[in-house]
Amino acid sequence: MLWGVVQFPGSCDERDALHACELSGEARLVWHEERDLGGIDAIVVPGGFSYGDYLRAGAIARFSPAMEAVAEFAAAGGPVLGICNGFQVLCETGLLPGALLLNESMRFTCRQVDLLAEAFSPLEGGKSFSEPVETLSIPAKHGEGRYWAPEKTLDELEASGQVAFRYAPGQNPNGSARDIAGVRNAAGNVLGLMPHPEHAVDAMTGSTNGLKVFEAVAAGALA
Amino acid sequence: MAKARVLIRPKEGILDPQGKAVERALPALGFEGVGHVRVGRMVELEADDPARLPELCEKLLANPLIEDYEIESIDGA
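In this report, the structure presented in the accompanying data block is examined. On a predicted model such as this, the values are computed, not experimentally measured, just so you know.

Procedures and definitions
- Residues numbered from 1 in each chain as written.
- Chains lettered and ligands numbered in written order.
- Predicted model: local features only at pLDDT ≥ 70, side-chain atom pairs only at ≥ 80, totals over all residues.
- Helix = DSSP H or I, 4+ residues; strand = E, 2+ residues; numbered from the N terminus.
- Rg over C-alpha atoms; globule rule 2.2 N^0.38 Å.
- Contact = placed C-beta atoms within 7 Å.
- Pairing = 2+ DSSP bridges.
- Axes fitted to C-alpha atoms, helices over the stretch in contact; angles between N-to-C directions.
- Core = buried A, V, L, I, M, F, W, Y, C linked by C-beta atoms within 7 Å.
- Buried ≥ 20, exposed ≤ 12 C-beta atoms within 10 Å, placed from the backbone.

Some words on the overall build of chain A
Part 1: Check the secondary structure of chain A and you find five helices and eleven strands.
Part 2: Taken over the C-alpha trace, chain A has a radius of gyration of 15 Å; the compact-globule value for 223 residues is 17 Å, and the two agree within 12%.
Part 3: The principal-axis extent of the C-alpha atoms belonging to chain A is close to 40 × 40 × 40 Å.
Part 4: Put simply, 74% of the contacts in chain A that link residues at least 6 apart link residues at least 24 apart.

Structure, rendered in structure tokens:
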């Protein structure tokens, strides 16, 4: 199992992501100018501020050679996990539905949140969190994390089980529509979420629940 | 080179916290009776082929899911 962690100028969570990946396999960084993902079984697009987040968060990263390769990888069914800025990049790329807007509070928020991993069969063949619904304690830290999509799209996402994570009642930190914290694509091989599972893999920082997200993606990659 | 100005704004119906914050600040400064404030972006540019500007807006300058845009020619200004 080889993970690739994409690194843009302005990424800042790629080292934690690399560490989290190494707990369930081998991992290497993929520089944004790289196009060759040969041998990689799963991709993480990590958090940070890719290309300074100029224009809109994730808007410019979308055009990098690495993301063009990731789009091809995803189209071929390869598992892709986008975290925070990575989630924003995947939405801008069109690999995931919706968009992430400025937090309703207009403030950068950084806190531990409870995520409900509902109906979450993350990747085709991957293990499911769905029965019963699991609660994961994971930190969220972002300024532009308010998930938004047209009402019709939200209805479709819910109906098709594409809502992977919701903030627990009363814990929505950003005004996201229907408390949505993470979604997956229709095929089930691309998953994005705003909170940071890579920061919750060691008991030293209070929770190891983030491991479950990486394990689920890895299970999909190996299926 | 053709000069153009692109105006980008959040779509109607999408909460614009920046606009709300500006709106809320105005009465404290003595500006009553101002509402529906929306904050967007403005991009000025020069293009060899202005016919390609709509495509450029759709792909990069705006996110058509959440933003509307207008292209204004500013030639001769």
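Here's the deal with the sheet that holds strand S3 (residues 42-45) of chain A
Residue and element names in this part refer to chain A.
Part 1: With respect to topology, nine strands assemble into an open sheet ordered S2-S1-S3-S4-S11-S10-S9-S6-S7, the strand pairing being mixed. The open sheet is flanked by strand S2 (26-31) and strand S7 (134-142), the only strands paired with a single partner. Strand after strand, the sheet turns through a mean of 20 degrees between neighbouring axes, direction not considered.
Part 2: The pairing of strand S10 (residues 180-184) with strand S11 (residues 190-193) spans three bridges and is classified as antiparallel. Across the sheet, valine 183 pairs through a bridge with glycine 192, a residue of S11.

Brief notes about the environment of cysteine 84 of chain A
Residues and elements named next belong to chain A.
Part 1: Inspection of the secondary structure puts cysteine 84 in the loop between strand S4 (80-83) and helix H3 (85-93).
Part 2: As a C-alpha pair, cysteine 84 and leucine 115 span 31 residues in sequence and 14 Å in three-dimensional space.
Part 3: Residues within four places of cysteine 84 in sequence aside, it is in contact with Asp13, Gly47, His142, Met194 and His196.

Some points on unusual backbone geometry
Residues and elements named next belong to chain A.
Part 1: Of note, leucine 55 is a non-glycine position whose phi angle comes to about 75 degrees, a positive value.
Part 2: Unlike most non-glycine residues, aspartate 179 shows phi in positive territory, near 60 degrees.
Part 3: Mapped onto the elements of the fold, aspartate 179 is located in the loop between strand S9 (163-167) and S10.

Regarding the nonpolar core
All names here are of chain A.
Part 1: Among the nonpolar cores identified, the biggest contains 69 residues, and Ile43, Val44, Val70, Val80 and Leu115 are the most heavily contacted of them.
Part 2: Sorting elements by how many residues they give to this core places helix H2 (residues 65-75) first, with six residues.
Part 3: Not counting residues within four places of it along the chain, the set of residues in contact with valine 70 comprises Val6, Ile43, Val45 and Val80.

Topic: the sheet that holds strand S2 (residues 41-47) of chain B
All names here are of chain B.
Part 1: One open sheet accounts for three strands, arranged S2-S1-S3; its pairing is antiparallel. Edge positions in the sheet fall to S2 and strand S3 (67-73), since each of these pairs with one other strand and no more. Looking at each pair of strands side by side, their axes are set apart by 20 degrees on average, direction ignored.
Part 2: Strand direction decides the pairing type here: strand S1 (residues 2-10) and S2, joined by seven bridges, are antiparallel.

So, the environment of threonine 109 of chain A
All names here are of chain A.
Part 1: Summarising the element assignment, threonine 109 is placed in strand S6 (residues 109-117).
Part 2: For the pair threonine 109 and lysine 141, spaced 32 residues apart in the sequence, the C-alpha separation amounts to 5.3 Å.
Part 3: Each residue touching threonine 109, except ones within four places of it in the same chain, is listed here: Asn103, Ala140, Lys141, His142, Pro173 and Asn174.

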